[in-house]
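# Results of the structural survey
Below, each chain spelled out in residue letters.
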Amino acid sequence: MGKKVTAIGSDILDRQNVETLIIPKSIKIIGANMCVYPANCHKIKKIVCLGDEPFYLGSFSLNESQLKGGCKIYVPDNAIDKYKSFDEGVFSLSHYSNL
C-alpha cells in the first residue's frame, strides 16, 4: 500500500477549468495560490472537504471573492464547528459563513 497524500502544493489549479474540488481527509496543508488566475477561481462552485479536521490554507488559496461568487464549502456535519473556529493560514475558514 502506498503512502497517504497529506499536502497539496502551490498553484494546483493554475489554468485549470475546475468547478468542483474534493479535498481528501488525509490532506493537512494546501499550498499558496490555489488559484493563480482570478478567472479560474471564479469557476469553482463547490469545495467538498472530506476530513473531520480542518487543513492549513496557504496565502491566497481561498478568498472572499470566490465565496461571494457563489462558491460553497461543504464539510462533514460533525466537523462544522471545528472548521468555523479554525484559524491557521492566511485566509482562515473562520471568516466565512458558507460552511
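Structure: see above.
Note that the coordinates shown come from a computational prediction; the quantities given were computed from them, not determined experimentally.

### Some words on the side chain of Ser 26
Within the secondary structure layout, Ser 26 lies in the loop between strand S2 (20–23) and strand S3 (29–30). According to the relative accessible area criterion, Ser 26 is buried, its value standing at 18%. A distance of 2.5 Å separates the side chain of Ser 26 from the backbone oxygen of Val 5, its partner in a polar contact. Filtering out sequence-adjacent residues up to four positions away, Ser 26 remains in contact with Lys 4, Val 5 and Thr 6.

### Here we look at the sheet that holds S2
Spatial ordering of the open sheet is given by S2-S4-S6, a layout of 3 strands whose pairing is parallel. If you trace the sheet from one side to the other, it starts and ends with S2 and strand S6 (72–74), each paired once. Geometrically, the sheet is characterised by an average inter-axis angle of 15° between neighbouring strands, direction not taken into account. Relative to S6, strand S4 (residues 46–49) runs parallel, the two being bridged by 3 bridges. Across the sheet, the residue bridging to Val 48 is Tyr 74, located in S6.

### As for the sheet that holds strand S1 (residues 7–8)
With respect to topology, 3 strands assemble into an open sheet ordered S1-S3-S5, the strand pairing being parallel. Whereas interior strands pair on both sides, the edge strands pair on one side only; in this sheet they are S1 and strand S5 (56–57). Pairing between S1 and S3: 2 bridges, direction parallel. From the neighbouring strand, Ile 8 faces S3, where its bridge partner is Ile 30.

### Let's talk about empty space enclosed by the protein
For the structure shown, the criterion picks out 2 cavities of 30 Å³ or more. Approximately 30 Å³ is the volume found for the second largest cavity. A class-by-class count of the residues in the lining of the second largest cavity yields 7 nonpolar, 1 polar and 2 charged.

### Some thoughts on the pattern of salt bridges
For the structure on display, the rule yields 1 salt bridge. Where Glu 53 meets Lys 82, a salt bridge forms, and the shortest distance between an N and an O atom there is 2.7 Å. Placement of the pair is Glu 53 in the loop between S4 and S5 and Lys 82 in helix H3 (residues 80–85), with a sequence separation of 29 residues. We classify Glu 53 as partly exposed; its relative accessible area is 43%.

Criteria and cut-off values
- Residues numbered from 1 in each chain as written.
- Predicted model: local features only at pLDDT ≥ 70, side-chain atom pairs only at ≥ 80, totals over all residues.
- Heavy atoms only, no water.
- Helix = DSSP H or I, 4+ residues; strand = E, 2+ residues; numbered from the N terminus.
- Buried < 20%, exposed > 50% of the residue type's maximum accessible area, 1.4 Å probe, protein only.
- Polar contact = N/O pair within 3.5 Å; in protein donor to acceptor, adjacent residues only side chain to side chain.
- Contact = heavy atoms within 4.5 Å.
- Pairing = 2+ DSSP bridges.
- Axes fitted to C-alpha atoms, helices over the stretch in contact; angles between N-to-C directions.
- 1 Å grid on protein atoms, 1.4 Å probe; cavity = no way out; pocket = protein on both sides within 12 Å on 5 of 7 lines; lining within 4 Å.
- Points joined across faces, edges and corners; volume = space filled by probe spheres on them.
- Nonpolar A, V, L, I, M, F, W, Y, C, P; charged D, E, K, R; others polar.
- Salt bridge = Lys/Arg side-chain N within 4 Å of Asp/Glu carboxyl O.

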